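# Structural features, examined
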Amino acid sequence: MSIIVSPSILSADLSDLKTDIRRVEESGADRIHFDVMDGVFVNNISFGIPVLKSVKKITDMFIDVHFMIIDPMKYVDAFVDAGADMITFHVESDVDIKSTIDKIHSRGIKAGLTVKPNTPIEIVYDYLPFVENILVMSVEPGFGGQGFIHETMEKVSVVKKIITEKRYSCLVQVDGGINDVTAKIAIDAGADDLVSGTYLFKSDDMKNAVQAIKLIKEC
Ligand code: DX5
Ligand code: ZN
């Protein structure tokens, strides 16, 4: 399977979002990554339901929503109604994990679980048969533009091995500090899906940058 590239619009020019969404579409990237922060689970507030509705209005791309909020269950319906195609939430949120996965699935979209850099990956093991995405954070959630934490790749290798052995259909996603160099490290560790904000949106030619990441997997 070729690598999935998911540009994070946290790094887009929000005063000209339509232009940046077109750049993403024309780059050959696969999904739009939509970071939702509530100012409580993380020390930042990003954007939410009205912005997602606006994005959905101008693109048919798959929208991968990353919840960095304390109460994911409360907002599943609103984000599905606004156009989310997948919701990935943190195991560190104050939530019943299985019920939240079931709730997301009951709305007909994909569900994912994510862990912060210092959270042991073992916590997701019981849920691997039930989710479509495991996101291993390679930076502390909250802000774009941080440095890639190499040690988190051990968790990618371990969880990918279990998924492969047990033949689960779940993909492994890595988010934070992904550029042309760290993309290779994440792919070598077993990542199927790379989220990238700063690197892709700051590149002069997003298409080149996306295709360079895709070529790593094919080499
Ligand atoms: C961080 C977000 C990331 C972020 C990635 O909390 O979850 O999706 O936008 O941005 P870069 O690629 O700049 O690290
Ligand atoms: Zn994210």
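What comes next is a walk through the structure. (Residues numbered from 1 in each chain as written. Chains lettered and ligands numbered in written order. Predicted model: local features only at pLDDT ≥ 70, side-chain atom pairs only at ≥ 80, totals over all residues. Heavy atoms only, no water.)

### Things to note about the environment of I162
The condition that has to hold: In this description a helix means any DSSP run of H or I spanning at least four residues, a strand means any run of E spanning at least two, and both kinds are numbered starting from the N terminus. Any pair of residues with heavy atoms lying within 4.5 Å of one another is described as a contacting pair.
With respect to the helices and strands, I162 occurs in helix α5 (residues 153–166). Through-space distance from the C-alpha of I162 to that of I45 is 35 Å; in sequence the pair is 117 residues apart. Not counting chain neighbours up to four residues away, the residues in contact with I162 comprise Y125 and L128.

### Regarding the coordination of the zinc ion (ligand 2)
Condition: Donor atoms: N, O and S within 2.8 Å of the metal, or within 3.2 Å for Na, K and Ca. Because water is excluded, sites can look incomplete. Remark: exposure states derive from per-residue accessible area (1.4 Å probe, protein chains only) relative to the maximum for the residue type, with buried under 20%, exposed over 50%, and partly exposed in between.
Within the first shell, the zinc ion (ligand 2) binds the protein through H33 (NE2), D35 (OD), H66 (ND1) and D175 (OD), at distances of 2.0 to 2.3 Å. Accessibility expressed as a relative area gives 4% for D35, which makes it buried. For H66, a relative accessible area of 0% translates into the label buried.

### Structural notes on the site of ligand 1
Counted only if it meets this: For this description, a residue counts as near a given molecule or strand if any of its non-hydrogen atoms is within 4 Å of it. Think of a polar contact as two N or O atoms within 3.5 Å of one another; within protein, one of them needs to be a possible hydrogen donor and the other a possible acceptor, and neighboring residues in sequence only count if both atoms come from side chains. In short, Shrake-Rupley with a 1.4 Å probe defines the accessible areas, and a residue's cover is counted only from the protein chains shown. For each structure, a 1 Å grid was placed over the protein atoms alone; sets of points admitting a 1.4 Å probe that cannot get out are labelled cavities, open sets with protein on both sides within 12 Å along at least five of seven lines are labelled pockets, and lining residues have an atom within 4 Å of a point. For this analysis, a molecule is said to be in a pocket or cavity if more than half of its atoms are within 2 Å of the grid points defining it. Gly falls in the polar group here, along with every residue not listed as nonpolar (Ala, Val, Leu, Ile, Met, Phe, Trp, Tyr, Cys, Pro) or charged (Asp, Glu, Lys, Arg).
Surrounding ligand 1, one finds 20 residues, the nearest of these being D35, G142, D175, G197 and T198. Within the contact set of ligand 1, an oxygen atom lies 2.7 Å away from a backbone nitrogen or oxygen of G142. Between ligand 1 and T198 there is a distance of 2.4 Å, counted from an oxygen atom to a side-chain nitrogen or oxygen. The protein chains hide 99% of the 380 Å² of surface that ligand 1 would expose on its own. More than half of the atoms belonging to ligand 1 lie within 2 Å of the grid points that define the largest pocket. Going through the elements one at a time, β2 (31–37), β3 (62–68) and β8 (193–196) are the ones with two or more residues in the shell around ligand 1. Here the shell around ligand 1 takes 3 residues from β2, the largest share from any one element. Here the residues of the shell around ligand 1 are counted per class, giving 7 nonpolar, 11 polar and 2 charged.

### Observations regarding the pattern of salt bridges
To keep things clear, this is the line we draw: Salt-bridge detection follows one rule: a side-chain nitrogen of Lys or Arg within 4 Å of a carboxyl oxygen of Asp or Glu.
Tallied over the entire structure, the rule returns 12 salt bridges. For E25, the salt bridge goes to R22, with nearest N and O atoms at 2.9 Å. Taken together, the positions of E25 and R22, both in helix α1 (residues 17–27) and 3 residues apart, correspond to about one turn of that helix. E25 sits in the partly exposed class, given a relative accessible area of 30%. Classification of R22 by relative accessible area gives partly exposed; the value is 29%. A salt bridge links K161 to E165, with the shortest nitrogen-to-oxygen separation between them at 3.3 Å.

Remember, this is a structural readout, not a statement about activity or role.
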